[in-house]
Protein chains: 2
Amino acid sequence: MTATTQEVRPSYCDSCAIRNRAICADLDSAELAQLSTIGRRRKLTAGEQLFWEGDDTVLLANVIEGVLKISTHTSEGKEQILGLGFPSDFLGRPFGQTAPFGAEALTDSFVCVFEQGDFDRFAREHSRLEHKLLERTLAELDRTRRWMLLLGRMNAEQKVASFLLELRDRLTPRTCNHIEVEVSEIFELPLTRQQMADILGLTIETVSRQLSRFKRDGLIDLLSRRQVTIRDRRTLELIAS
Amino acid sequence: MTATTQEVRPSYCDSCAIRNRAICADLDSAELAQLSTIGRRRKLTAGEQLFWEGDDTVLLANVIEGVLKISTHTSEGKEQILGLGFPSDFLGRPFGQTAPFGAEALTDSFVCVFEQGDFDRFAREHSRLEHKLLERTLAELDRTRRWMLLLGRMNAEQKVASFLLELRDRLTPRTCNHIEVEVSEIFELPLTRQQMADILGLTIETVSRQLSRFKRDGLIDLLSRRQVTIRDRRTLELIAS
DNA sequence: CGGGACTTTGATCCTTATCAACTTATGTGG
DNA sequence: CCACATAAGTTGATAAGGATCAAAGTCCCG
């Protein structure tokens, strides 16, 4: 604690795929080394639960690879997905008592997991990290509020169009080493139709019908259940408003 | 900046109604005095806009008295209210470029306003404040996500019931000087039917019909357009799930 | 007391949920 | 490697909840 000089061994964080995009981005090597002592990597297979809604021993995680969902349930058991976690996103509820939502891997994933207590303590001692976390939380709040607009005011067609566009964007990192990457309009849906319905506040049938319609109208292609190509982005954007 | 001792004059913050509940709660007198130099009080009359969606010169505010709404619009002009601000709530988007939503007073209000730049600078230098802000933002994110469940998965009856209950709770501070206060089940709606509709993702007619139904069934009383009494909280809670 | 905004109520229509049957993928064991 | 079982997805028919359109009623304020 009081040592002024400190042997800084490179932590495995240094080679982390999201080193420069996650909340750890502003930490120096020493801090990173310290952080890496309280975190551990974990592999998740599709469908595996990272933590459950209501858990007391709360986990926090950086998504390194893959896509996760966070969700809650109505008392009648209907699920509502609250958001998706993509690489470099931070998942979980710091400074809380119980997890207000559950987290599950949608695809095979890698995450960097922390016990909440460890992380909370670390964050309070490193205001740069806390600041990053604040910025992320504010951004996430913005995104969640935009989603409210979708849930409250859009019809099924607009919802599905918006969702496809957002997925395409978040699934493809905008830059790679500061070089603009030409992005393909083909991508893999990381969710089942049911899960899409649970995100959009629709039923599985409505989602399916809407996708079929978009395909029939030439706006998208469905190569397989999970493979989507956006053929007419302009029109989709018009529909999504 | 480098002075170690400093004349601390009591700022008007010391007597602020929300001194112990707002994000300023953890600041000491010296910090509070400093903060008060960059903030100013402002009175708003019902219907007055504090700032607009898309504004570049962004304002931030602590709500001292009254109720504000934050909202955004679809491209077709339909409004979606994103949330309400009650006394001690913090409004606005720190560390951002443009306001992602507008804020308007629903009732005559008092707020404590900051220029975003001033506030951002202050926050970065006072990690206790930034920590408070983080906790609030996380709590607000939780609340917003619960609202997603309402928008995505509830029917009109459940939405209106939930809203009445939440309004009653937030309109009445739970404690006063650490003493549990017996709360009355009568309260004033700070919104028009149209605004309620814009919060719940419904139309004005549906909201009105639902309220009439609740009244007919003896769950609530409507003394005037704005005066509501909750007569059967249990059943309302049951409906709201 | 009169005018305008807000609200309530009724009638009808439309979107999406629900129910049901069928089709297509996925995967496992013989 | 195929046949079968199971899960996931599609499509159609019908129903219901809310939106929309329309008109009457109420409150509020000058």
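None of the values given here were measured: they were computed from a predicted structure.

A. Representation of the pattern of salt bridges. Residues and elements named next belong to chain A. One pass over the structure, following the stated rule, counts 44 salt bridges over all chains. Residue Lys-132 is joined to Asp-26 by a salt bridge in which the shortest nitrogen-to-oxygen separation is 4.0 Å. One end of the pair, Lys-132, is in helix H3 (residues 127–153); the other, Asp-26, is in the segment before helix H1 (29–38), and 106 residues separate them in sequence. By relative accessible area, which is 38% here, Asp-26 ends up partly exposed.

B. The interface of chain A and chain B, seen in detail. Every contact between the two is made by 43 residues of chain A and, on the other side, 43 residues of chain B. With both sides pooled, the region where chain A packs onto chain B buries about 4,000 Å², and carbon together with sulfur makes up 63% of that total. When residues of chain A are sorted by the area they lose upon contact with chain B, Arg-145, Met-148 and Arg-153 of chain A head the list and together hold 20% of the total. For the salt bridge of Arg-93 of chain A with Asp-142 of chain B, the shortest nitrogen-to-oxygen distance reads 2.7 Å. Summed over the shared surface of chain A and chain B, the number is 16 residue pairs in polar contact (both at pLDDT 80 or more). Of all the secondary structure elements, the ones that give two or more residues to the side of chain A that touches chain B are strand E4 (68–73), strand E5 (79–85), H3 and helix H5 (193–200) of chain A. Among the elements that take part in the side of chain A that touches chain B, H3 of chain A stands out by supplying 20 residues, more than any other. Its residues assigned to classes, the side of chain A that touches chain B shows 18 nonpolar, 13 polar and 12 charged.

C. Summary view of the relation of the copies chain A and chain B. Superposing chain A onto chain B takes a rotation of 180 degrees combined with a translation of 0.0 Å along the rotation axis, leaving an RMSD of 0.0 Å. A rotation of that kind, with that shift, is consistent with a two-fold axis. When the interface residues of chain A are mapped onto chain B, 100% of them again lie at the interface, so the same face is used by both copies.

D. Examining the protein's contact with DNA strand C more closely. Taken together, 16 residues form the shell around DNA strand C, and within it Ala-156, Thr-206 and Arg-225 of chain A together with Arg-193 and Ser-212 of chain B come nearest. Take the atoms of DNA strand C that sit within 4 Å of the protein: sugar and phosphate atoms are 62% of them. Arg-225 of chain A is positioned with one of its side-chain polar atoms (N or O) 2.7 Å from a base oxygen of DNA strand C. Within the side chain of Ser-208 of chain B, an N or O atom sits 2.7 Å from a phosphate oxygen of DNA strand C. Counting residues per element, the ones that place at least two in the surface near DNA strand C are helix H6 (204–216) of chain A together with helix H6 (204–216) of chain B. With 4 residues, the single largest contributor to the surface near DNA strand C is H6 of chain B. Here the surface near DNA strand C is built from residues that sort into 2 nonpolar, 7 polar and 7 charged.

E. Summary view of the domain arrangement of chain A. All names here are of chain A. You can read the domains of chain A as domain 1 (12–145) and domain 2 (154–240). If you average the C-alpha positions of domain 1 and of domain 2, the two centres end up 25 Å apart. Listed by partner, the interface residues are 13 residues for domain 1 and 12 residues for domain 2. Between domain 1 and domain 2, the buried area comes to about 1,000 Å², and carbon and sulfur atoms account for 57% of it. On inspection of domain 1 and its partner domain 2, the count reaches 2 salt bridges. The salt bridge involving Arg-143 is made with Glu-166; its shortest N-O contact spans 3.7 Å. Where domain 1 packs against domain 2, one counts 4 residue pairs in polar contact (both at pLDDT 80 or more). No other element matches E5, which puts 4 residues into the side of domain 1 that touches domain 2. Of the residues belonging to the side of domain 1 that touches domain 2, the class tally is 5 nonpolar, 2 polar and 6 charged.

Parameters at a glance
Residues numbered from 1 in each chain as written. Chains lettered and ligands numbered in written order. Predicted model: local features only at pLDDT ≥ 70, side-chain atom pairs only at ≥ 80, totals over all residues. Heavy atoms only, no water. Salt bridge = Lys/Arg side-chain N within 4 Å of Asp/Glu carboxyl O. Helix = DSSP H or I, 4+ residues; strand = E, 2+ residues; numbered from the N terminus. Buried < 20%, exposed > 50% of the residue type's maximum accessible area, 1.4 Å probe, protein only. Contact = heavy atoms within 4.5 Å. Buried area = accessible area lost by both parts, 1.4 Å probe. Polar contact = N/O pair within 3.5 Å; in protein donor to acceptor, adjacent residues only side chain to side chain. Nonpolar A, V, L, I, M, F, W, Y, C, P; charged D, E, K, R; others polar. Least-squares fit on C-alpha atoms with pLDDT ≥ 70 in both. Near = heavy atom within 4 Å. Domains from an automatic or database assignment.

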